[in-house]
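Each chain is listed here by its residues.
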Amino acid sequence: MAARLTTYIVVAIVAATLIAGLIVGAQRDDSSGPVDLIVHNAAVYTADGGDPTAEAVAVRGNQILRVGSEREIMRLRRPQTLVIDAGGGAVLPGFNDVHAHPIDAGLALEGVDLLDAASVEEMQDRIAAWAGTHPEELWIRGRGWTYDAFDENGPTRQQLDRIVRDRPVRLLSADGRDAWVNTKALQLAGIARDGRNGDGTGLLRGSATERVERLVPAPTRAERARALRTAIARAHEYGVTSLQLIGGSVQDVELFDEALRDRAWAMRIYSALTVRPPLDAATADALDAIWKQHGDDPLFKTGAISVTLDGPIDTGDAALLDPYAGRGDGRGEPRLTPAQLQRIVMSMDARGWQVMIDANGDRAVRMALDAFQAAVEANDRPARGRRHRIEQVELVDPQDVPRFDALGIIAAMQPYAATREMAPLGWWSRQLGADRAARGWAAATLASAGAKLAFGSGWPAGPIDPMLALHAAVTRTRPDGTPEGGWHPEERLTLEAAINAYTSAAAWASFDEHRKGMIKPGMLADIVVLDRNIFEEPPSALASTTVDFTIFDGKVVYRRDKHRDTE
């Protein structure tokens, strides 16, 4: 009996020794192996459901190795380690913009950029400057104006004729749907009368815009590739390491294929391919083939389709349940019938695709929810689950708010877009009236009802800077702090909730939560270092917060000119 007891004790000691050795060995592997990058002296927000904060991060290769205290992480430093002193600034997961058009954005950056111009005079100055520095261009091209910069007459050709007469001018609105042109462009397009004053007004919509677009030289493949590189470089300046492309084409996929072979590629892209009715089996099969070729890759993948159901409210293109204010019985018409939409959604849901529906008005949002509900009731659950999305979501009827959670629908919102309407007499509010306007961009209402929020910019329809979107979501004010107290402040989010919508929730919205969106061991090392600790600053400081470093795949891809020292 004693001998047997002795044997048990010896076995236990040996087992304990082996376990301890394994633990020590694992620790030694971490500490003695290569540590390529450390970010320290930081307020690290992990976006993890557990401990959300830390002081430093260690990176090995393209993955996060360890997250912890200053002392713990700095002990891992080796001679070859690049050390970034965050200077007490906030460190977040790389931003993931869930609604962007990077090629269009790159092309817009190469033309006249009107996105943040506050007045007609400021736009005229930019147009004149661009025309002066591009005398070789046959067309003056640009993008980014919004209706709120004009009076009730909107854009006119005369405003452009004062600046440029000898060359045609075509300036797309921020959303790319409408065009502002000069007299020369109208003449070339054969648009001479508007039925009111005998001359074209200079504001083109619908088919009239298309007539001008056919005359504007289309960008070549090389120009589109250059625009993509331009867009990626600009995104890095704002800490964006992932872009979800809405409305992509087969040609875009081919361009990304080519770009991926370039070692300079430094962006993760999830592309939602455009689908329009009628959707036949052959088209769906072709989409399946593209998905099979570009499945779950961390740099570029698809697996989603994009359907546009209506347009923005401020232009009167959204589909509403009740008429627009002052427009009789005009409610706006969706671009698809309910039957067309349901056929697309049910067919692609059955094939396992994620479906993203652009829906701005409350009628369009209800149509989208109805289509998703029909798919849920008719089809078996796809192998990877359902994460269907409604994009824009400017206005939701209160009866439909609970349906987001019930159906598992993601609300992919653009909080900065609301800043253009944060005034009692803004275009958006005038279209709806005060009662409905109070329900605009109802992020807090949706979140409190269980909806999953994911944030994007609509770039180039809106600025790529996530800090502006976070500011809008948290304060419900413009960057200058107006209106005082916030526009319908009951819809404000906490800073943490807003960051999650741009990081961890955004990764979940593209089936990527297993590799990005959080700062934790094993995740891809996509990290942004801000110039201040936004968790200790007043929310108003978010709008002026800038990025010091952007780290993509474990490598620094952007550092601000006046950055903090690295070692």
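For the structure, see preceding data.
Residues numbered from 1 in each chain as written. Predicted model: local features only at pLDDT ≥ 70, side-chain atom pairs only at ≥ 80, totals over all residues. Heavy atoms only, no water.

Looking only at helices and strands, the protein chain features 19 helices and 23 strands. On C-alpha atoms alone, the protein chain measures out to a radius of gyration of 26 Å, which is about the 24 Å that the 2.2 N^0.38 rule sets for 567 residues. Here the C-alpha coordinates of the protein chain stretch approximately 110 × 55 × 50 Å along the principal axes. In the protein chain, buried positions account for 53% of the 567 residues. On the protein chain, roughly 24,200 Å² of surface is accessible, and the fraction owed to carbon and sulfur atoms is 51%. Of note, the protein chain has its 64 positive side-chain charges centred 3 Å away from the centre of its 78 negative side-chain charges. (Helix = DSSP H or I, 4+ residues; strand = E, 2+ residues; numbered from the N terminus. Rg over C-alpha atoms; globule rule 2.2 N^0.38 Å. Buried < 20%, exposed > 50% of the residue type's maximum accessible area, 1.4 Å probe, protein only. Areas by Shrake-Rupley, 256 points an atom, 1.4 Å probe, with all protein chains shown as cover. Lys, Arg positive; Asp, Glu negative; His and termini not counted. Charge placed at Lys NZ, Arg CZ, Asp CG, Glu CD.)

What follows is about the nonpolar core. Ile-390 and Phe-404 are the most contacted members of the largest nonpolar core, which has 119 residues in total. Beyond its immediate sequence surroundings of up to four residues, Ile-390 is in contact with Ile-357, Ala-359, Val-365, Ala-368, Leu-369, Phe-372, Phe-404, Ile-409, Ile-410, Ala-411 and Ala-412. Core analysis: the second largest hydrophobic core is formed by 19 residues, Met-123, Ile-140, Val-164 and Val-169 among them. (Core = buried A, V, L, I, M, F, W, Y, C linked by side-chain atoms within 4.5 Å. Contact = heavy atoms within 4.5 Å.)

Here we come to the pairing of strand 21 (residues 527-530). Burial along strand 21 is two-sided: Ile-527 and Val-529 and Val-528 and Leu-530, pointing in opposite directions, are all buried. Taken together, the 3 bridges between strand 7 (residues 90-93) and strand 21 define a ladder with antiparallel strand orientation. Bridge pairing in strand 21 links Val-91 to Val-529. In terms of strand pairing, strand 21 meets strand 22 (residues 547-552) through 4 bridges, oriented antiparallel. Along strand 22, the bridge assignment pairs Leu-530 with Val-547. (Pairing = 2+ DSSP bridges.)

Note that Lys-520 resides in the loop between helix 19 (504-508) and strand 21. Along the chain, Lys-520 and Pro-93 lie 427 residues apart, while their C-alpha atoms are 9.5 Å from each other. Apart from residues lying up to four places away in sequence, Lys-520 is in contact with Asp-48, Ile-64 and Val-67.

Moving on, we get to the sheet that holds strand 13 (residues 203-204). With mixed pairing, 5 strands are arranged side by side in an open sheet as 9-10-11-12-13. A strand with exactly one partner marks an edge of an open sheet, and here the two such strands are strand 9 (112-113) and strand 13. As paired strands, strand 12 (residues 179-181) and strand 13 are joined by 2 bridges and run antiparallel to one another. Pairing of Ala-179 across the sheet is with Leu-204, part of strand 13. Strands strand 9, strand 10 (140-145), strand 11 (169-173) and strand 12 of the sheet are contacted by helix 4 (residues 120-133), whose axis makes an angle of about 155 degrees with strand 10. (Axes fitted to C-alpha atoms, helices over the stretch in contact; angles between N-to-C directions.)

Under the defined criterion, the tally for this structure stands at 32 salt bridges. With a shortest N-O distance of 3.5 Å, Asp-296 and Lys-301 are connected by a salt bridge. The salt bridge involving Asp-512 is made with Lys-301; its shortest N-O contact spans 3.1 Å. Placement of Asp-512 in the loop between helix 19 and strand 21 and of Lys-301 in strand 16 (residues 300-308) is noted, with a sequence separation of 211 residues between them. Of the two residues, Asp-512 and Lys-301, neither departs from the other in class, the shared state being buried. The structure contains a network of salt bridges with shared partners spanning Asp-296, Lys-301, Asp-512, Arg-515 and Lys-516. (Salt bridge = Lys/Arg side-chain N within 4 Å of Asp/Glu carboxyl O.)

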